[in-house]
2 protein chains.
Amino acid sequence: MEIQEIVLASRPVGLPSSDNFRPERKVLEKITEGEVLLKPLYFSVDPYMRGRMSSVKSYAAGYEVDKPILGGTVAKVIESKSPDLSEGDSVVGTLPWATCCIERPKNLKKINTDLFPAPYYLGVLRMPGLTAYFGMMDIGRPVKGDTVLISGAAGAVGIVAGQIAKIRGAIVTGITGSDEKCRMLREQFGFDSAINYKATKALRKEIAAECPKGVDIYFDNVGGEITDAAVANLNFRSRFVLCGQISQYNNTRISTGPALLPVLLTRSVTLQGFIVSNFSDRFDEAMSELTGWVSNGSLKYTETVIEGFNNLPQAFIGLFNGMNYGKMLVKAD
Amino acid sequence: MEIQEIVLASRPVGLPSSDNFRPERKVLEKITEGEVLLKPLYFSVDPYMRGRMSSVKSYAAGYEVDKPILGGTVAKVIESKSPDLSEGDSVVGTLPWATCCIERPKNLKKINTDLFPAPYYLGVLRMPGLTAYFGMMDIGRPVKGDTVLISGAAGAVGIVAGQIAKIRGAIVTGITGSDEKCRMLREQFGFDSAINYKATKALRKEIAAECPKGVDIYFDNVGGEITDAAVANLNFRSRFVLCGQISQYNNTRISTGPALLPVLLTRSVTLQGFIVSNFSDRFDEAMSELTGWVSNGSLKYTETVIEGFNNLPQAFIGLFNGMNYGKMLVKAD
């Protein structure tokens, strides 16, 4: 069976371009005992994947050049030689960017797409949802009346983080990159206010205006100048949830900015950088909470779906241009 | 009774100079019922006082221009109209820079200078000791075998923080500003190694050489380039105790430096800025531990004593030139 893959052609320097990826044809062997043949339905593209494309040592193992990119994928079992999965089952797992692939069930989780739409299993009910959950519940720890500020608020993690803070009774302001996203955050996801950072020249003051009591919890997905402005508004004994730094991932040299430590010191700020796997022993607890909130309607979700396997590189690159509303996905042909 | 005071003549811009201080003569009234007359023995000068000299809002109330500077002081009761204190008692409190002053006992704590030398009550057994205790025990939390790195290691807080880490079984490296201080840290205070940052052009690499397993706990008193080099050596899930930023206190504008957040993120670092008063409900616990360690010899202490009331401004300014070995004090005439 001939399939198509997308491999890492070269490690990106700066913003990735389509040249860093290469489609390849490959012949897939027949599956053997204990294996299943999968046809992907939805591929997840996520900012953390940029780190894996570099050779720099990080928490996630790097992708290898000339090998397919790996990422979160929802797939359908089209042939099974395992007692654990049957033809027609839907599963989620970390799979290669390929039109079909062979896996063993132990690397897969069966999902029920009658219960929730398939894309949820790559977003609110998987890594982005878990990231938002632990970042907000364990590091942010909002209580009723707290002021919460979220950068990258319209992304896959941001919209969940904001809604969790609302569930906990906080007042939530989102920072995002367009008026339309601001409207979405307020009208669709219940944010109390939203700031389009591209439409202001004085972000620090605009945050101060939207958060008149100062910021008790800053949930950062972005870094850079947005974060400099946020830090200036932090309250005494506030929490800084260091979840992402998407503005920095394509830097070719370490960026410079104002020293933040003197502010973090005088305001007794607690900052915690984290990745979701730090909390892996508590995924069941989080999944149960997230599933409950989604089921009862208190946690909504959305995604931007790009059609076509060949558009995977373009969808990934689009993450850095703020192309996505909520989770960014690619739907297989 | 005529006394002398030192008042804040003007708010310093940049490094304080003697012009920012002014001696003044004043007539002290007779003490009335409930008051005591105090003669200071030792004045404490501390880096945090720089912040109180500015008009910028901070955790500590600012000093007023034309009013005496206030600071930690050990004094002797030379006259008492209070049943709570007797002539000859030694006390510690926050007192004006004055050759004599009148106070009420409720603002003072009686001390026993037969038990410990008077300077200890301004250092290891007061704010600097408590700061080191909570910073190391609550934020750093060293366990046996952890690698601990301390900047400003030869200062009043640093030498205590390092010894507490040693008591907990950690491997401790200090960063300081002279070979003599390095020797003191190793020979007198049991640090495993010490780095003279002024004698190296590649501090990051020197830290890596002294801390071959990376840094599990960075206890920062200094900030700036020293901290940039330290952060580059932080381990996954390490702790950053943000205690002081003495290199930044005299800045006339916000300094810039490399963005540290991307590193703190990918290494899942927890950073906590704090001031000792955040832990005020646990001072008794800490004092009991510190007193025990000092008594049994596992916690040593030292100070640099400048003689003469009129040298108070000079001693304070000297903090920013690394003039002090351990606690900086001024002994009254």
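Note that the coordinates shown come from a computational prediction; the quantities given were computed from them, not determined experimentally.

**Focus on the packing of helix α2 (residues 127-140) of chain A against helix α8 (residues 283-295) of chain A**
Two quantities define a packed helix pair, namely the angle between the helix axes and the distance between the axes.
All names here are of chain A.
For step 1, the next point in the chain: Contact geometry of α2 with α8 gives a least axis separation of 10 Å together with a crossing angle of 100 degrees. Regarding the angle of α2 to α8, the classification is roughly perpendicular. Taken together, the residues of α8 that come into contact with α2 (itself represented by Gly129, Leu130, Tyr133, Phe134 and Met137) are Phe283, Glu285, Ala286, Met287, Glu289, Leu290 and Trp293.
For step 2, the next point in the chain: In the contact of α2 with α8, the residues fall into 9 nonpolar, 1 polar and 2 charged.

**What to know about α2 of chain A**
For step 1, the next point in the chain: Across the 14 residues that make up α2 of chain A, a large majority, 12, are buried.
For step 2, the next point in the chain: The set of residues buried in α2 of chain A consists of Pro128, Gly129, Leu130, Thr131, Ala132, Tyr133, Phe134, Gly135, Met136, Met137, Ile139 and Gly140 of chain A.

**A few points about the environment of Thr256 of chain B**
For step 1, the next point in the chain: Looking at the secondary structure, you find Thr256 of chain B in strand β13 (residues 256-258).
For step 2, the next point in the chain: Along the chain, Thr256 of chain B and Pro96 of chain B lie 160 residues apart, while their C-alpha atoms are 36 Å from each other.
For step 3, the next point in the chain: Dropping the residues within four chain positions of it, Thr256 of chain B is found in contact with Gly257, Pro258 and Ala259 of chain A.

**A short note on the relation of the copies chain B and chain A**
For step 1, the next point in the chain: With an RMSD of 0.0 Å, the fit of chain B onto chain A corresponds to turning through 180 degrees and sliding 0.0 Å along the axis. Put plainly, the chains are arranged around a two-fold axis. No C-alpha of chain B approaches the rotation axis more nearly than that of Leu271 of chain B, which lies at 2.5 Å.
For step 2, the next point in the chain: Of the interface residues in chain B, 100% have counterparts in chain A that sit at the interface too, so the contact is made through matching surfaces.

**Digging into the sheet that holds strand β11 (residues 215-220) of chain A**
For step 1, the next point in the chain: Ordered in space as β10(A)-β9(A)-β8(A)-β11(A)-β12(A)-β14(A)-β14(B)-β12(B)-β11(B)-β8(B)-β9(B)-β10(B), the 12 strands form an open sheet in which the pairing is mixed. Looking at the sheet topology across the chains shown, the edges are occupied by β10 (193-196) of chain A together with β10 (193-196) of chain B. Averaged over all pairs of adjacent strands, the angle between strand axes in this sheet comes to 15 degrees, irrespective of strand direction.
For step 2, the next point in the chain: Pairing of strand β8 (residues 147-151) of chain A with β11 of chain A involves 3 bridges; the strand directions are parallel. In the sheet register, Ile150 of chain A faces β11 of chain A, and the bridge partner there is Phe219 of chain A.

**As for the pairing of strand β1 (residues 2-8) of chain A**
Each regular strand carries side chains that alternate between the two faces of the sheet.
All names here are of chain A.
For step 1, the next point in the chain: Counting buried positions along β1 gives 6 out of 7 residues, so the element sits mostly inside the fold.
For step 2, the next point in the chain: As defined by bridge partners, β1 adjoins strand β2 (residues 21-27) across 7 bridges and the pair is classed as antiparallel. Of the residues in β2, the one forming a bridge with Glu5 is Glu24.

**Re the interface of chain B and chain A**
For step 1, the next point in the chain: The partner chain A presents 34 residues to the 34 residues of chain B that form the contact.
For step 2, the next point in the chain: For the pair chain B and chain A, the summed buried surface comes to about 2500 Å²; carbon and sulfur atoms form 66% of the total.
For step 3, the next point in the chain: Of all residues in chain B, Leu261, Leu265 and Leu271 of chain B bury the most surface against chain A, accounting for 25% of the area lost on that side.
For step 4, the next point in the chain: Linking chain B with chain A are 0 salt bridges.
For step 5, the next point in the chain: Between the two partners, chain B and chain A, sit 8 residue pairs in polar contact (both at pLDDT 80 or more).
For step 6, the next point in the chain: Every element with two or more residues in the side of chain B that touches chain A is listed here: β12 (234-242), β13, α7 (261-266) and β14 (270-273) of chain B.
For step 7, the next point in the chain: Per element, the largest residue contribution to the side of chain B that touches chain A is 5 residues, and it comes from α7 of chain B.

**Describing the packing of aromatic side chains**
For step 1, the next point in the chain: Applying the stated criterion across every chain yields a total of 24 aromatic pairs over all chains.
For step 2, the next point in the chain: Judged by centre distance (6.1 Å) and plane angle (35 degrees), the rings of Phe134 of chain B and Phe283 of chain B are tilted. Of this pair, Phe134 of chain B sits in helix α2 (residues 127-140) while Phe283 of chain B sits in helix α8 (residues 283-295); the two residues are 149 residues apart in sequence, bridging distant segments of the chain.
For step 3, the next point in the chain: The residue whose ring lies beneath Lys181 of chain A is Tyr325 of chain A, and the NZ or CZ to ring-centre distance is 5.5 Å.

**Observations concerning unusual backbone geometry**
Negative phi characterises most residues that are not glycine, and trans characterises most peptide bonds.
For step 1, the next point in the chain: Even without being a glycine, Ser268 of chain A presents a positive backbone phi close to 50 degrees.
For step 2, the next point in the chain: Tracing the backbone through its elements, the reader meets Ser268 of chain A in the loop between α7 (261-266) and β14 (270-273).
For step 3, the next point in the chain: Notably, Arg237 of chain B is not glycine yet its phi reads approximately 60 degrees, a positive angle.
For step 4, the next point in the chain: As for its placement among the helices and strands, Arg237 of chain B is situated in strand β12.
For step 5, the next point in the chain: For Arg237 of chain B, a relative accessible area of 43% translates into the label partly exposed.

**Focus on the side chain of Ser151 of chain B**
Residues and elements named next belong to chain B.
For step 1, the next point in the chain: In this structure, Ser151 sits in strand β8 (residues 147-151).
For step 2, the next point in the chain: At 2.7 Å, the side chain of Ser151 and the side chain of Asp220 are in polar contact.
For step 3, the next point in the chain: Not counting residues within four places of it along the chain, the set of residues in contact with Ser151 comprises Ile175, Tyr218, Phe219, Asp220, Asn221, Val222 and Ile226.

**Structural notes on the environment of Phe219 of chain A**
Residue and element names in this part refer to chain A.
For step 1, the next point in the chain: With respect to the helices and strands, Phe219 occurs in strand β11.
For step 2, the next point in the chain: Exposure remark for Phe219: the relative accessible area of 0% places this residue in the buried category.
For step 3, the next point in the chain: The spacing of Phe219 and Asp146 is 73 residues in sequence and 13 Å in space, taken between C-alpha atoms.
For step 4, the next point in the chain: With sequence-adjacent residues up to four places away left out, Phe219 is seen in contact with Thr131, Ala132, Gly135, Met136, Leu149, Ile150, Ser151, Val157, Ala161, Val241 and Cys243.

Each value, and the rule that gives it
- Residues numbered from 1 in each chain as written.
- Chains lettered and ligands numbered in written order.
- Predicted model: local features only at pLDDT ≥ 70, side-chain atom pairs only at ≥ 80, totals over all residues.
- Heavy atoms only, no water.
- Axes fitted to C-alpha atoms, helices over the stretch in contact; angles between N-to-C directions.
- Helix = DSSP H or I, 4+ residues; strand = E, 2+ residues; numbered from the N terminus.
- Parallel < 35°, antiparallel > 145°, perpendicular 65-115°, else oblique.
- Contact = heavy atoms within 4.5 Å.
- Nonpolar A, V, L, I, M, F, W, Y, C, P; charged D, E, K, R; others polar.
- Buried < 20%, exposed > 50% of the residue type's maximum accessible area, 1.4 Å probe, protein only.
- Least-squares fit on C-alpha atoms with pLDDT ≥ 70 in both.
- Pairing = 2+ DSSP bridges.
- Buried area = accessible area lost by both parts, 1.4 Å probe.
- Salt bridge = Lys/Arg side-chain N within 4 Å of Asp/Glu carboxyl O.
- Polar contact = N/O pair within 3.5 Å; in protein donor to acceptor, adjacent residues only side chain to side chain.
- Phe/Tyr/Trp six-rings, centres within 6.5 Å; stacked < 30°, edge-to-face > 60°.
- Lys NZ or Arg CZ within 6 Å of the ring centre and 35° of its normal.

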